[in-house]
Every structure is written in structure tokens, then in C-alpha cells.
Amino acid sequence: MNMKRVALLLLLGSIVVVPVAQAQVKHIEMRVEGMT
Amino acid sequence: MKQHLGRQSGVQNVEVSLLDGKVDVTPKEDGQIDPVQLLKATYDSGVTAAQMDMTARGKIVKDASGNFALQVEPNRSFAFAPNELSKGLESLAGTQTMVTVRGQLYKKPAGKKKADLSAPLKLVILEVQKKE
């Protein structure tokens, strides 16, 4: 029973951690000219 | 221009400030955004991009020609323009360390109206925000 709980906790923990640990472009900022 | 950029793949939100000519692009969570396409879309919308800065998270890799780069997707990486900050990251190449950096991907050459976007963009690291 305890092993099941530990496994469930690990699974939930990985779901939370994986998106945060993703490599990605987080933000892009441009300066433009000629905009009206 | 806002609609034009908003239609690009991987773009979640675009904020345009007419006052100072600043454009903020928020990528989607999946991060499938292509900065070169954004620059092209900017030109297509009739304005000139003067500068593009990017904040990105990824691993440091060394490519076949020996250049160091930030890999943000399995098939997308940005080669570093060497500077003191990029040299400090070279030792992390090939490790699992994730690095968050802010850098300049593009700056319009002085005196030119239109940029040559055929050459690959180089990332000039301005700030190393996190290593984990």
C-alpha cells in the first residue's frame, strides 16, 4: 500500500516538474522602426 | 503588424507599444517558435526590425563545426556569438544542465534598411539568469 502511495507521489511530482524543466524560448522582445 | 505576428506558429500573444516601438512576443507553452520567421513576418508587415532580444532556456551543445550553442528544442539551437558570458557556459556543453539566458539575436546593421536574414542568427548573450 505504501509503495503504491510513493509511486503515485512520484508520478504526480514528475507531472509538475517536467513542464517547468522544459527547454524553450520564453520571451522575445523586438524594437521596430517605421511603425505608424 | 500585431495580427501578422500573432498568426505565426508558436506565438501566444503579441503586445505592441507604438510609443517606443517595442514589440513583446510571448511564445506558446510548447515553445515551437521561430525567431527568423518572426523577423520575416515583421518585414512583411511593412516595418523594420531594429533589434531582437530573446530569453530562452535550454542546454549548451557543441555543434559539428565546434561552435557552442543553446539548444531549445531537439531540432533548434542558437549558436553563440563568442563573448565573456558565452565562454563561461562552454564547460556545460554536453551536460544535462539547463541554462536560462537573455541575449540579442539580431541587430540591424548601421546604415542598412533591410537585413540579410539568409545568414543564421547568432545569439549574443547579455545575461545568464539561471543554471540548474
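## A few points about the overall build of chain B
The helix and strand tally for chain B stands at three helices and seven strands. Counted from the first residue to the last, chain B has its helices and strands arranged as α-β-β-α-β-β-β-α-β-β. Based on the C-alpha atoms only, the size of chain B along its principal axes is roughly 40 × 35 × 25 Å. The 132 residues of chain B split such that 23% are buried. Across chain B, contacts joining residues at least 24 apart in sequence account for 57% of those joining residues at least 6 apart.

## With respect to the pairing of strand β1 (residues 24-33) of chain A
Of the pairings in the sheet, the one linking β1 of chain A to strand β3 (residues 48-62) of chain B comprises nine bridges and is antiparallel in character. Bridging from a neighbouring strand, M30 of chain A pairs with M52 of chain B of β3 of chain B. As defined by bridge partners, β1 of chain A adjoins strand β2 (residues 22-27) of chain B across four bridges and the pair is classed as antiparallel. Residue E29 of chain A lies in a different strand from β2 of chain B, and its bridge partner there is D24 of chain B.

## Considering helix α2 (residues 35-44) of chain B
All buried positions along α2 of chain B are accounted for by P35, L38 and T42 of chain B. The buried residues of α2 of chain B all sit within an arc of 50° when viewed along its axis, so they share a single face. Residues of α2 of chain B that are buried in the fold lie against β1 of chain A together with α1 (2-6), β2, β3 and β6 (98-107) of chain B. Just beyond α2 of chain B, the residue with positive phi is G46 of chain B, at close to 95°.

## With respect to the interface of chain B and chain A
Across the contact, 31 residues belong to chain B and 15 residues belong to chain A. A per-class count over the side of chain B that touches chain A returns 16 nonpolar, nine polar and six charged.

## Some remarks on the domain arrangement of chain B
Interface size is often expressed as the accessible area that is lost when the parts come together. Residue and element names in this part refer to chain B. You can read the domains of chain B as domain 1 (1-47) and domain 2 (52-132). Placing the centre of domain 1 and that of domain 2 at their C-alpha centroids yields a distance of 20 Å. Facing the six residues of domain 1 at the interface are nine residues of domain 2.

## Re the nonpolar core
Ranked by internal contacts, the top residues of the largest apolar core, which has 28 residues, are I28 of chain A together with V25, M52 and L70 of chain B. Where this core is concerned, the elements lending two or more residues are β1 of chain A together with β1 (11-17), β2, β3, β4 (68-73) and β6 of chain B. No other element matches β3 of chain B, which puts five residues into this core. Both domains that furnish three or more residues to this core are identified here as domain 1 (1-47) and domain 2 (52-132) of chain B. When near neighbours in sequence (up to four residues on either side) are disregarded, M52 of chain B contacts I28 and M30 of chain A together with P35, L39, L105 and Y106 of chain B.

Basis of the calculations
- For every chain, the first residue of the written sequence is number 1, and numbering continues from 1 along that sequence.
- Just so you know, chain letters begin at A and ligand numbers begin at 1, following the order they were written in.
- Since the coordinates come from a predicted model, pLDDT governs what is reported: local features require at least 70, and pairs of side-chain atoms require 80 or more to be given and counted, while whole-chain, interface and lining totals use all residues.
- Helix numbering and strand numbering both begin at the N terminus, where a helix is a DSSP run of H or I of at least 4 residues and a strand a DSSP run of E of at least 2.
- Any residue whose C-beta has 12 or fewer other C-beta atoms within 10 Å is treated as exposed, any with 20 or more as buried, and any in between as partly exposed, C-beta atoms being built from the backbone.
- Each residue is represented by a C-beta atom placed from its backbone, and any two residues with such atoms within 7 Å are regarded as in contact.
- Paired strands, as defined in this entry, are two strands with at least two bridges between them according to DSSP.
- Of all possible arcs, the one meant is that of the directions from the helix axis to the C-beta atoms.
- Any residue that is not Ala, Val, Leu, Ile, Met, Phe, Trp, Tyr, Cys, Pro, Asp, Glu, Lys or Arg is counted as polar, Gly included; the first ten are nonpolar and the last four charged.
- Domain start and end points were adopted from an automatic or database domain assignment.
- Each nonpolar core reported here comprises buried Ala, Val, Leu, Ile, Met, Phe, Trp, Tyr and Cys residues connected via C-beta atoms within 7 Å.

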